[in-house]
Amino acid sequence: MMKFRFRRQGNDPHREKIKQDLFAFSKTVEHGFPNQPSALAYDPKLQLMAIGTKSGAIKIYGAPGVEMTGLHKDTAAVTQIHFLYGQGRMLSLLDDNTIHLWEIVQRENRSHLVELHSFNLPGRPGIESTSATRVTVMLLKLSCDLLALGTEGGGVHFLELPTLTLLNKSLFQDEIMQSVPEEYKCGKSLGPVESLQEHPQDSDKILIGYSRGLVVLWDLNSRHVVNLFLGKQQLESLVWERSGNSFVSSHSDGGYMVWAVSSSNPCTHDPISSTIPYGPFPCKAVNKILWRTTELGAPLVLFSGGMPRASYGDRHCLTILQDSSHVTLDFTSRVIDFFTIHCTDKEKEFDDPSALVVLLEEELVVIDLQMAGWPTVPAPYLAPLHSSAITCSCHISNVPPKLWERVISAGQQQCPLQNYENWPICGGKNLAPDPKQKELLLTGHEDGTVRFWDASGVSLKPLYKLSTASIFQTDCDHNDSLMQAGEEEWPPFRKVGCFDPYSDDPRLGIQKISVCKYSGKLVVAGTAGQVIVMVLSDEKSDHMIDVATVDLLQDREGFTWKGHDRLPPKSGSVVFAPGFQPVVLVQCMPPAAVTAVTLHAEWNLIAFGTSHGFGLFDYHRRNPVLARCTLHPNDSLAMEGPLSRVKSLKKSLRQSFRRIRKSRVSGKKRAVVYSPTSKVQEANAQLAEHDAEVTPVQRRIEPRSADDSLSGVVRCLCFADTFLRDGTHHGPTMWAGTNSGSVYAYALDVPSQEKFSEQSVEALLGKEIQLMHRAPVVSIAVLDGRGNPLPEPYEVSRDLAKAPDMQGSHSVLITSEEQFKVFMLPKVSAKTKFKLTAHEGCRVRKVALSNFTSVSSEEYSENALVCLTNLGDIHVFSVPALRPQVRYDCIRKEDISGIASCVFTKTGQGFYLISPSEYERFSLSARVITEPLCRVDVERPHDLSAHSPTLPPQANGTHKTQAESKAAETEELLYEMRSALSSPVLDSPNSSADITLDTTGELTVEDVKDFLMTVDEAENNFRNIAEEDGRPPGILIN
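The structure presented is a predicted model; accordingly, all values stated were derived computationally and were not measured. (Residues numbered from 1 in each chain as written. Predicted model: local features only at pLDDT ≥ 70, side-chain atom pairs only at ≥ 80, totals over all residues. Heavy atoms only, no water.)

Colleague: Can you walk me through the overall build of the chain in this structure?
Modeller: From N to C terminus, the chain includes 16 helices and 62 strands. Looking at the chain as a whole, 53% of its 1038 residues qualify as buried. In the chain, once contacts between residues fewer than 6 apart in sequence are set aside, the share between residues at least 24 apart is 60%. Just so you have it, the chain exposes about 47500 Å², and 49% of that area is on carbon and sulfur atoms. (Helix = DSSP H or I, 4+ residues; strand = E, 2+ residues; numbered from the N terminus. Buried < 20%, exposed > 50% of the residue type's maximum accessible area, 1.4 Å probe, protein only. Contact = heavy atoms within 4.5 Å. Areas by Shrake-Rupley, 256 points an atom, 1.4 Å probe, with all protein chains shown as cover.)

Quick look at the structure:
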């Protein structure tokens, strides 16, 4: 029987099935604004918008909830996007000169974006360089059967759609130059093709604009020049007037010209009108211009750029002109592209634009062109999360309806026009069911604001913005005076957009947020030691702010604060709008950044911690309850602050040498075993500041020194109603954990609600725990007798949650950077532990207690501990047994900011920043998943499966039919002979001769001279074959 005693138990199939029903990892949706956008397109038939990015991503947006994402295989920037109107297809041009065809397909009753084909336009072997065939502009005909490509070499090529087949009707500059007057030629080339525009009334004609200024109206069928427009300024863009009787060109000198198109005058020297709106001094180029006709008035002219170089050359502007109305939209980031939403029905006489959509580098702005004054339209998605840099975040699950309605009401009073029903981009159908519960995501920002977002669904909608700057005396209001002073200046600027990355005072930055969703109380803490208690109010208020100061040093000698000063609060009464209004300001001294904060609204208490210690404050009586200094005698670095520039070089060098000496001593004592984790240790050494001190294995085998800098930083705080004094009487407690592995537990004497105003809260130190290896304490949570987390304040008293088990023994779960440990209360005896560092070689960064509900049964759920490490992987452990359940790779270990920004929800989801402007949402739950579920119905005239060529793609990326193969093969042979005879060095990557040499080995001219012919013979043969086929020879490439 003994032989079975130590047999390792296998996986329990029943438990594995339960785990599959509970846990499943998926990255579901990206919230926010795409990072580094580079291209924009709009489909007026499907009412969909597409945005391309520099990382090669394409994102399609329609009605709120309608989102699709596609990713190119290569991480090249998307430079242009064009929809095939109404077909659910689009073309993308990348920075590597490849063209890709995408299609919206239906799978499992939902729409997805997939790539179908790609095409690369190569050069003519031995004739043109690769740069000459670089595509500068694409024109997709409205019939969606032809794509025109303009190149840097001045050529225009044509592809058949949707097969992306190169047609033999390319147009070159020498063909155009034959029609250009001699005095205009001047021996110069026409330059790259800058613009291609289809004639609005005659689809067989296209307008071709060259960089030098020449504009040509070209007939595709007869292949001849219809009109020439001899522009003398460098061309930037072209746009047709709807009737086709005129067009507008914009130029590099900041002006635009209107040209008349007349069949009686094939060569036009001068435009009808020429205007430089912001002249006469030198202006920047007008990059793009739109001309839209209106039924009720003069045409609407919209253009980007054109600002006076000397005065406003650094402004990012878009101008709207109509009659005497003139507005210069002044943005805080660069204009990428823009379009108007207008009538595209050919039978209609006017454009009548309804909205202007502007894609900026950092946000999307929509202007209503039908309302007086052209106001902005609030966007239900694509909100710039980083309008001020995000410094912290907080998620609230299952928001009570009352709080939700009050936050919505406060936001609507801030922005009365916040009505998403007028959103013009409304294509597709959102099939996702309404969320079962409301969720809020709160983000703290560098400028002292807290923004409330609706995180219930796919679209992250802005609800309400809270600013704390109005409480303090800062320079935040100087912008308003500048705006008022500049109202009558020229140009007539109007500030548009909300992206404002510059903070007037870095001390305003929000560091920590804590919310009680049942009482409507909020605590925000900042960089300069400010802790503000706020209460949600539905009415406007005008009151003074109570200020209390808490000295965390407790008259400790030998410490002098060398960091920034506190933010001076405003004296006198301050007006506050409906929403969260400050009740009391608690100022920590020294004014170091707040590192932890927590709130217990039922006890009217807040706890806060900095790098110097922690405090407890009764905000009902405005009375400090407790202040405890956690500084070690050698903790002088904590006195310098994050904004200090007086850090001691001598001290840092001394610490470095101590660290080196210590590691050498430990190396002599115990040899380091080089295992697979050694590479992990090397990577960890390059991560965050806290990661740069000692490697995980060194910390595992020797305790930290008590004189490590910043050892007194308070990392976490916790309130709990539990057993601390003895095992029979439970009561309020407060717990604090520090960077040096110390845990302080205080027993609190909190009066009943009837006596809040009469008696003060008292705190008595009950326990003090020192973790053996002094690892930083990341989290503290108290579990009831059944091992469940304690409910939030008010949940039990309002019958919103089951009462905790007060019969069995409570326990406290303490998470350090290296291990999880459960201690029994009140004796604080160790019960269970799991050493994460010892097992995995990684450190804990973020933890949370989440509830996972089974997919099979809504009645079955488990509480679990979710942990994110510095390697970017997520571990899930059972509670309180601390048994590992699942592990997932989530974030790249090099993405330090992503790991630092991660926040978990109580239902097994999470958010982390993948860029300054985007949150990636993920789910660890098999049941709770928030992902796009949408459908776009399209009707396609072409079936790609029927039109797909039977021949495999050729080496140059084009598809050839059998009818063309004979002439094409002869043409390739001609170019091969030219290259072989005229070029001793075969340097063209697309040369057929080059390919032959690569595939057949080392061949000499002598080996194949019997098969060679002269260039003249080859041309004659090629001409004869072309005449026999009865069609002109095709041009392979330009």
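Colleague: Looking at this structure, I do not really get unusual backbone geometry. What am I missing?
Modeller: With the exception of glycine, the majority of residues adopt a negative phi angle, and the majority of peptide bonds are in the trans configuration. Along the chain, G279 connects to P280 via a cis peptide bond; the corresponding omega equals 5°. Following the sequence through the fold, P280 ends up in the loop between β22 (273-275) and β23 (286-292). Residue P880 follows V879 across a cis peptide bond; omega there is 5°. With respect to the helices and strands, the residue P880 is situated in the loop between β57 (873-878) and β58 (884-889). Of note, R223 is a non-glycine position whose phi angle comes to about 50°, a positive value. Its location among the elements puts R223 in the loop between β16 (214-219) and β17 (224-230).

Colleague: Looking at this model, I keep getting lost on the packing of aromatic side chains. Mind explaining?
Modeller: Aromatic ring pairs are reported here in terms of the distance separating the ring centres and the angle at which the planes meet. Under the counting rule described, the total for this entry stands at 26 aromatic pairs. Summarising the aromatic geometry, the rings of F23 and F852 are spaced 4.9 Å apart at their centres and angled 70° between planes, so their arrangement reads as edge-to-face. Taken together, the residues F23 in strand β1 (residues 23-32) and F852 in strand β55 (residues 844-853) connect sequence positions 829 residues apart. A single burial state applies to F23 and to F852, both of which are buried. An angle of 80° between the planes, with centres 6.2 Å apart, marks the rings of F911 and Y919 as edge-to-face. Overall, F911 belongs to the buried group, its relative accessible area being 0%. The structure contains a cluster of three or more aromatic residues connected by ring pairs, namely F25, Y888, F904, Y912 and F922. The ring of F493 is capped by R315, whose NZ or CZ atom sits 4.3 Å from the centre of that ring. Against the face of Y794 rests R798, its NZ or CZ located 4.4 Å from the ring centre. (Phe/Tyr/Trp six-rings, centres within 6.5 Å; stacked < 30°, edge-to-face > 60°. Lys NZ or Arg CZ within 6 Å of the ring centre and 35° of its normal.)

Colleague: Mind showing me how you'd approach the UniProt feature "repeat: WD" (unreviewed entry) in the chain here?
Modeller: Mapped onto the present numbering, the UniProt feature "repeat: WD" (unreviewed entry) falls at residues 440-454. Taken as a whole, residues 440-454 contains 0% helix and 80% strand, while its terminal C-alpha atoms sit 5 Å from one another. (UniProt positions renumbered as here; feature names shortened; annotations may be inferred.)

Colleague: Please explain the pattern of salt bridges as it appears in this structure.
Modeller: Where side chains of opposite charge bring their charged atoms close, a pairing between them can arise. In total, this model carries 31 salt bridges according to the counting rule given. Among the ionic pairs, R223 bridges to E175, the shortest N-O distance being 3.3 Å. Taken together, the positions of R223 in the loop between β16 and β17 and E175 in helix α2 (residues 173-177) put the pair 48 residues apart, joining distant regions of the chain. Looking at R223, the relative accessible area reads 29%, which means it is partly exposed. For E175, a relative accessible area of 24% gives the class partly exposed. (Salt bridge = Lys/Arg side-chain N within 4 Å of Asp/Glu carboxyl O.)

Colleague: What exactly am I supposed to notice about the nonpolar core here?
Modeller: A general tendency of soluble globular proteins is for nonpolar side chains to be buried together. Grouped together as the largest cluster of nonpolar side chains are 34 residues, with contacts concentrated most on I320, L329, F331, L356 and I367. Among the secondary structure elements, those contributing two or more residues to this core are β20 (256-260), β23, β24 (300-305), β25 (316-322), β26 (325-331), β27 (335-341), β28 (355-360) and β29 (364-368). Apart from the residues lying within four places of it in its own chain, the contact partners of I367 are I320, L329, S354, A355, L356, W374, P375, T376, V377 and V496. In this structure, V399, A410, L440 and V524 belong to the second largest nonpolar core, which totals 33 residues. (Core = buried A, V, L, I, M, F, W, Y, C linked by side-chain atoms within 4.5 Å.)

Colleague: Can you walk me through the sheet that holds β57 in this structure?
Modeller: Reading across from one edge, β55-β56-β57-β58 is the order of the 4 strands in this open sheet, with antiparallel pairing throughout. Every interior strand has two partners, whereas the edge strands, β55 and β58, have only one. Taken pair by pair, the neighbouring strands of this sheet meet at an average axis angle of 20°, ignoring direction. Bridge count for β55 against strand β56 (residues 861-869) is 9 bridges, and the pairing is antiparallel. From the neighbouring strand, L849 faces β56, where its bridge partner is L865. (Pairing = 2+ DSSP bridges. Axes fitted to C-alpha atoms, helices over the stretch in contact; angles between N-to-C directions.)

Colleague: In this structure, what is going on with helix α1 (residues 13-22)? I would like to understand it.
Modeller: The periodicity of an α-helix, 3.6 residues per turn, causes residues three or four places apart in sequence to face the same way. For α1, the full list of buried residues reads I18, K19, D21 and L22. Viewed along the axis of α1, the buried residues span an arc of 160°, placing them on a single side of the element. Seen from the buried face of α1, the exposed residues on the opposite side, beyond 90 degrees, are P13 and Q20. Where α1 is buried, its residues contact β1, β55, β56, β58 and β61 (918-925). (Arc of directions from axis to C-beta.)

Colleague: Got a minute to help me understand the sheet that holds strand β46 (residues 623-629) in this structure?
Modeller: The strand order across the open sheet built from 4 strands is β43-β44-β45-β46, with neighbouring strands paired in antiparallel fashion. Strands with a single pairing partner mark the edges of an open sheet, and in this sheet they are β43 (596-600) and β46. Looking at each pair of strands side by side, their axes are set apart by 10° on average, direction ignored. Sheet topology note: the strand β44 (residues 605-609)/strand β45 (residues 613-618) ladder contains 5 bridges and is antiparallel. Of the residues in β45, the one forming a bridge with G609 is F614.

Colleague: Quick question: what am I supposed to make of the side chain of R845 here?
Modeller: Relative to the assigned elements, R845 resides in strand β55. Taking the relative accessible area as the measure of exposure, R845 reaches 18% and is therefore buried. Engagement of the side chain of R845 in a polar contact is seen with the side chain of E817, the distance being 3.3 Å. (Polar contact = N/O pair within 3.5 Å; in protein donor to acceptor, adjacent residues only side chain to side chain.)

Colleague: Looking at this structure, I do not really get helix α5 (residues 401-414). What am I missing?
Modeller: Over its 14 residues, α5 extends 20 Å from the first C-alpha to the last, a length consistent with the 20 Å expected when each residue adds 1.5 Å. Within α5, the full set of buried residues consists of L403, W404, V407, A410 and G411. For α5, the arc enclosing every buried residue in end-on projection is 130°, short of the 170-degree limit, so these residues lie on one face. Across from the buried face of α5, at angles greater than 90 degrees, the exposed residues are P401, K402 and E405. (Expected span 1.5 Å × (residues − 1).)

Colleague: Hey, could you run me through the confidence of the model for the chain in this one?
Modeller: Any segment with low pLDDT has predicted coordinates that should not be analysed in fine detail. Confidence in the prediction of the chain, expressed as mean pLDDT, is 83, and 80% of residues score 70 or more. With pLDDT under 50 throughout, residues 478-486 is counted as low confidence; its partners more than four residues away or in other chains account for 2 contacts. For the stretch residues 664-702, pLDDT sits under 50, and the model shows 46 contacts to residues farther than four places along the chain or on other chains. (pLDDT = per-residue confidence, 0-100.)

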